[in-house]
Structure formats: C-alpha cells, structure tokens
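One letter stands for each residue in the lines below.
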Amino acid sequence: MKIDKNTINKIARLSRIKLDDKESEDYIKDLNHILDWVEQLNEVDTEKVEPLSNISSSILPKREDISNDANSSDEILKNAPDKLEGFFAVPKVVE
Amino acid sequence: MLEKSLKKTIENLQNNKISIRELNQEYIDKIKTKSELNIFIHFDEQKILDQVSELENDNSNKKLKGIPLAIKDLFCTKKMPTTAASKILENFNPTYESFVTQKLLDDGAIFVGKTNLDEFAMGSATDTSYFGNTINPLSKESEPLAPGGSSGGSAAAVAADLCLGATGTDTGGSIRQPASFCGVVGIKPTYGLCSRWGIAAFASSLDQAGVFTHNVEDAAILLESTAGFDKRDSTSANIKIPNYYDNLTDDLSGKTIGIPKEYSIDGTPEEVSKIWEDAIKVLEKKGAKIKNISLPHTKYALPTYYIIAPAEASSNLARYDGVKYGYRSDEISSLDEMYENTRGQGFGKEVKRRILIGTYVLSAGYYDAYYLKAQRVRKLIANDFNEAFKECDLIVTPTAPSAAFPLNQEQDDPIKMYLNDVFTVPASLAGLPGISIPFGKDKNDLPLGIQILGKHFDEQQVLNGALLLERSYE
C-alpha cells in the first residue's frame, strides 16, 4: 500500500487541507486505487522521450517589466473576507 | 418568431422581425419555466433587462447584438458573481472580465446567466457542484439524467433552448462529452486559440475555452467571436483568426479521414459502434477517403491525464486560502488553521481528492516516478497524433462511450467516472481541436455524439467535417 495514514496526513498537511478521520480513510482507499491504476504507465518505455510540459508551439514571449495595474486596492478588497486599513487581514502570525 | 438558430436570429433582429427586448424577454420567460433543471447558478432578470436597455441605446452594428448567451460559471464576469461551482468562491465578484466574455460583450452579446458545472470543472456529470446537480433537459420524468460535465449547465442551457449559445471550458472533454449527452454541438478549439485569461484555472496546460450551439454554423460564428491573441495569457496563440463562418463548406471530397483502431474499446455499447460506422459510411459516400490509422498510446491517455491534471490543479488551487476572496472558515485560531479549515470546508470531495493526488505526485521522491513519467508518455501521445496527421486530414471517433446516464448513481469508484473521457482525453493531451456533434440515438432515444479531431489550428476543417455530418444526418 503506497498511501497509509501517515502519508495521507503528510499530503493533507502539504495541501493545507484539514481532513476528518472518515475523509482520511476514504482518501487512503481512493488514492491507492488511483495510483495502482496509473502505474500501468510503467509498461511504456520512455527512456529516450523528453517530457512534454506544454503543447503550446508559441515561443513564450517576454514582456516589458512595467506596471500595468488597472485595479484599485479598494475594489479588490471588496472581496476580502477580512480587511484592515487597506490591507488583507489574517490571524496573528507573530506574538 | 423564435428560431433555434443564432444565425437566423441575427437576421431576424437585423430585419426587425423581432426586437432585442422581445427576444430576450422570451428567453427570460423560458428560463423561468425550467428552473427545476438547476441549469443556472446565477440568473437575474433585471441584469438581462439592463443589458437590453444598454444595447437599445447603442447604434453600432455589432455582430452578436442582442443575442442571448449563457456563460459557464468558471469565466470571471464583472457584472455577475463567479463561483466555479465551489463554496470556496461563494460571494466572489470579479473585478475584471475574462478575455472570452469581454470579446462576446464587445460583439454585443447579452449574458442571460452563469451556468452550473462540476466544482472547478472537475467531473463528468455536473454532480460535484456545490450548488447541486444539473438535470439533463432530455430526461424523462421518471429518471433524471446527467447532462455530462464539467460544462453540463452550458450544454443543458443550449439543449433546453434557454439561450442561443453558451461558453464552456474543456480540459479533458468537458465541452465535448456534455455536448454529446445533451444532443448539441460543442467545440473545443486548439490549445491557445482562446485566451485563458480570467478563467478559473484547473489544469493550465490543458484548459481551453470553447462554445456550445444548436448547430455547426452557429459554432463557427461564436468561435470566431471568442478566439484571438491575448498577451495576458502567455500560451495564447498569435495567429490570424480565420473567418470560420464564411469559409464553411460541407465538401470533403478528396480529404482523408483517419479511423483509429485503438478507439474500438471492449465494452463499448453496440449503438455507439453503430453510429461511428454510420458516420464513416456517410463520409465515404460524400467523397472522403477513409483510412485506418493507429494511435498506439491511446490506452495510456487516461492515466497520464489523471497525473498531469491533478498535479496542475494542486498548484493552481493553492491560491484559495481564505485571505483574498471567497470563503473563510470561522475556526481560525492560527494562520495555518485558517488555511486548513478554509480549504477543508471550502472544497468538495472530488476537488480535495484531486489536490491530494496532485500534491502526492509532485512531492519529493515521487515527482520523477509519476509526474515526469506522465509528461513523457504525454509526448508519445502527442507524437502519435503528429504521425497520424501525416496520413489524414481529420480523425473521426465517437465522443463518449455511452449516452447520458442516470443521475445520483452511487459512485464508490472514481475511476469509473474518469472513463467517460476515454475518447476525449487523448486529443486534450495533444492540444488538438475537437468537436462533438449529435449523430444518432441509443435504444432509449437519447442522443449520441461523433467527435471530429483536426490538426493544430485547423478548426476550419473540423467545422467543415461536422457540417457535412450534420447535413447528412438531418
């Protein structure tokens, strides 16, 4: 079994997702099942194959390093769950 | 005076046979009578009437002036909220308009609402939405059917004739499969043809916007309106967009149609094989050459996709952290607890599953074995198509392995749902354009779709092939 309780806890932590015990159990089962299934890729000889990360044939263009902000912070902050004096507000990080 | 045709409606508006207000009022009334299908996440009559008033005072001659369209709720829209069908984006009001929707607005289209989808476009039945299932309008009362997914709401909106066209996005089949299930036309263009700017990202190397329509001519018109270069999407293609509609022809004589043997899969229902054979016969009769081809790595496309797409999703969805917009949990005694509870409560089951898989295949020690391996197989799949297209102009296959299936099927095996995309995923990995058009019915009188794939940026021939099949079927 590739994914056990410890592994799922580690991935959940890396993903910053809180799982309850029931969810953890379900995902251990699902992920093992899916990983077993995708392992059929090991049948394919890819030794001399370059990885394809993006199909786009266009050469990625560079742009000038200039500011083009059109949005105002007031407008953006309207969507914030919590804000304070023109900033996003989060729980205290340092004591 | 209502026509199930965008093209004819444009003519009727131009000839004053109907006014923009009358037209849109008719659609508003229709949408209200179909609310039980749960097609729209956002529908606000007043907002439609406001758009009508604005256009009534606009004397310019815009291509889609007054045409009612539905927008998948994955596209950011300035005047309507955008949720991606997720609790984590509840109450999110974008401060900007997506490239594709801005193009449609520039052409004078009216947005009747934002359509339901699988949460963050992850699903094949529109059953992972935080806002509930969408019901396929072709369902019989006794048995509600799934509209397919992830763009199920948009496909259903066109099928129920609640708009004259709709936008969708397709990452592994999310336009083509619901088009097939709902009996409408759905086109996913070449990767890079329509800018991804302003579309909530799922898997950035695969995501592509496209359209649903009642027929192929309308698809050509809408595609032309949504395509184009955008410097804000670094993978946007800087090419001249052809005049798809004016160049449409159903003459495929002399063209070669590839039929990939690997798409004959054990367990495919006879009806699906039958419509595939019928389509091939029609094409041959109309003068196209039929050629048997091989795409040898086809069977590895789904497992490849289910490594790459979750990997990209786990990265893309890191931005939903409860700080900048959307949902934030109440249980937030520390910053980490805020992140973990917000994401634990804000994402649904399938989205969490994919983030977890993606995080695993990208994590130290597994990256090479899973993620890099999948990218190498992806290269082989793309090569298969490159080789095949040396011998043919188009590839014709079924769109999906079945007609629409019943909703609420108890699904304890996620892979079973993933198999819906068996015919659509390979072309997504290769970034190729594909269309699904209704072509035949199953024994329950439900539509089945044929998929036509083309070379990169050869949407014109894809549309031409679809037009020929559409005219031959009618």
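Above this text is the structure in question.
Residues numbered from 1 in each chain as written. Chains lettered and ligands numbered in written order. Predicted model: local features only at pLDDT ≥ 70, side-chain atom pairs only at ≥ 80, totals over all residues.

Student: Just to check I follow, could you spell out the overall build of chain A for this structure?
Tutor: Secondary structure summary: chain A contains 3 helices and 2 strands in total. Helices (α) and strands (β) of chain A occur, in sequence order from the N terminus, as α-α-α-β-β. Radius of gyration (C-alpha) of chain A: 22 Å, far over the 12 Å computed for a compact globule of 95 residues. Its C-alpha atoms give chain A principal-axis dimensions of roughly 55 × 45 × 25 Å. (Helix = DSSP H or I, 4+ residues; strand = E, 2+ residues; numbered from the N terminus. Rg over C-alpha atoms; globule rule 2.2 N^0.38 Å.)

Student: Any chance you could explain the overall build of chain B here in plain terms?
Tutor: Each helix and strand counted, chain B has 15 helices and 11 strands in total. The globule rule puts the C-alpha radius of gyration for 474 residues at 23 Å, and the 21 Å found for chain B is close to it. Dimensions along the principal axes, computed over C-alpha positions, put chain B at roughly 70 × 60 × 50 Å. Considering chain B as a whole, with its 474 residues, one finds that 59% of them fall into the buried category. (Buried ≥ 20, exposed ≤ 12 C-beta atoms within 10 Å, placed from the backbone.)

Student: I'm lost on the interface of chain B and chain A in this one. Help?
Tutor: A common way to express how large an interface is: the accessible area buried when the components associate. Contacts between the two partners involve 59 residues from chain B and, on the opposite side, 44 residues from chain A. Looking at the side of chain B that touches chain A, the elements that each hand over two or more residues are helix 9 (301-316), helix 10 (335-346), helix 11 (349-362), helix 12 (367-388) and helix 13 (414-418) of chain B. Top contributing element to the side of chain B that touches chain A by residue count: helix 12 of chain B, with 11 residues. When grouped by side-chain class, the residues that make up the side of chain B that touches chain A number 28 nonpolar, 20 polar and 11 charged. (Contact = placed C-beta atoms within 7 Å. Nonpolar A, V, L, I, M, F, W, Y, C, P; charged D, E, K, R; others polar.)

Student: Hey, could you run me through unusual backbone geometry in this one?
Tutor: Phi is mostly negative for residues that are not glycine, and the peptide bonds are mostly trans. All names here are of chain B. Note the cis peptide between Gly149 and Ser150, where omega equals 15°. On the secondary structure map, Ser150 appears in the loop between strand 3 (110-115) and helix 5 (152-159). One non-glycine residue, Ala85, lies in positive phi territory at about 60°. Tracing the backbone through its elements, the reader meets Ala85 in the loop between strand 2 (68-72) and helix 4 (99-106).

Student: What's the story with the environment of Gly186 of chain B in this structure? I'm lost.
Tutor: All names here are of chain B. Structurally, Gly186 is set in strand 5 (residues 185-188). Separated by 176 residues in the primary sequence, Gly186 and Leu362 place their C-alpha atoms 33 Å from one another. Ignoring anything within four residues of it in the chain, the contact list for Gly186 reads Ala155, Gly168, Ile175, Arg176, Pro178, Ala179, Gly210, Phe212, Ile435 and Ser436.

Student: Help me understand the packing of helix 1 (residues 5-14) of chain A against helix 11 of chain B, please; the structure alone is not making it clear to me.
Tutor: In the contact formed by helix 1 of chain A and helix 11 of chain B, the axes pass within 9 Å of each other and the chain directions differ by 100°. With respect to their mutual orientation, helix 1 of chain A and helix 11 of chain B come out roughly perpendicular. The segment helix 1 of chain A lies against helix 11 of chain B, with Ile11, Ala12 and Leu14 of chain A engaging Leu356, Thr359 and Tyr360 of chain B. Looking at the contact of helix 1 of chain A with helix 11 of chain B, its residues break down into 5 nonpolar, 1 polar and no charged. (Axes fitted to C-alpha atoms, helices over the stretch in contact; angles between N-to-C directions. Parallel < 35°, antiparallel > 145°, perpendicular 65-115°, else oblique.)

Student: Could you clarify how one ought to interpret the nonpolar core in this entry?
Tutor: Among soluble globular proteins, nonpolar side chains are generally buried collectively. Residues and elements named next belong to chain B. In terms of nonpolar packing, the biggest core is built from 161 residues, with Leu69, Cys163, Val185 and Ala466 touching the most fellow members. No other element matches helix 9, which puts 9 residues into this core. Beyond its immediate chain neighbours, meaning those up to four positions away, Val185 contacts Ala179, Phe212, Thr213, His214, Asn215, Val216, Ala219, Ile435, Ile437 and Ala466. (Core = buried A, V, L, I, M, F, W, Y, C linked by C-beta atoms within 7 Å.)

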